[in-house]
Amino acid sequence: MNYSCAIDFLATHYYNNIEYDFYKRGIDMNENENRKLAVDFCNVLMEIRSAFHNHQLPFSNIRINSHAFHTLCVLNCFSQQHLTMSALAEKLEVTNQHLSRIINDLENKNYVERVHDKQNRRRVYIKITPLGNQFLEEAGENMIQNVLYTINKITEKDKVRLSEAITILNDIFTKNNQ
């Protein structure tokens, strides 16, 4: 799913019609406020995405799509575990068929490898390779450089406010993800 398109849709459709929509459906004000908060949050995410997207720095001659990148991130996070295709598909919330295409693409780039279980040859584990880890490190550094480029353009006062906002957001989402 292209999240930027979804967020654009939410921002234009719901934000402009939110008051009438809630009045018409008889939703109480607290739910209305929560929905407005959700739409506002999506708008902020779009602004953040736009700020960084407009200043992309080149970092690799090999490009991968967001699904493949997410797959590498999950494999990196669970590198100490043996993940089968089914377990990985479940973690990524994609079908086995879709994951198979992603893994084929990543395997062609030598970012992942399939490892057969010695006791059960039908069981196949997916493992990130050193080249896949290197790609993630380069991509991570590129993301940091893109963020630094934007942060270096804001005032010291806004940097303090940004730091406070990040601390608050981290606190809220960490507490609610437990």
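Placed above this text is the structure.
Residues numbered from 1 in each chain as written. Predicted model: local features only at pLDDT ≥ 70, side-chain atom pairs only at ≥ 80, totals over all residues. Heavy atoms only, no water.

Quick look at the pairing of strand β3 (residues 124-128) now. Remark: a regular strand shows side chains that alternate across the two faces of the sheet. Burial runs high along β3: 4 of the 5 residues are buried. Taken together, the 2 bridges between strand β1 (residues 83-84) and β3 define a ladder with antiparallel strand orientation. Among the inter-strand pairings, T84 is bridged to a residue of β3, identified as Y125. (Buried < 20%, exposed > 50% of the residue type's maximum accessible area, 1.4 Å probe, protein only. Helix = DSSP H or I, 4+ residues; strand = E, 2+ residues; numbered from the N terminus. Pairing = 2+ DSSP bridges.)

On the surface, a cluster of nonpolar side chains totalling about 650 Å² of accessible area is made up of F41, V44, L45, I48, I168, L169, I172 and F173. If you list the elements that add at least two residues to the nonpolar patch, you get α2 (29-53) and α7 (156-176). If you trace the backbone, V44 turns up in helix α2. Relative accessible area serves as the criterion here: at 44%, V44 is assigned to the partly exposed category. (Patch = residues over 30% accessible without salt bridge, like charges linked within 9 Å, V, L, I, M, F, W, Y side chains within 5 Å. Areas by Shrake-Rupley, 256 points an atom, 1.4 Å probe, with all protein chains shown as cover. Salt bridge = Lys/Arg side-chain N within 4 Å of Asp/Glu carboxyl O.)

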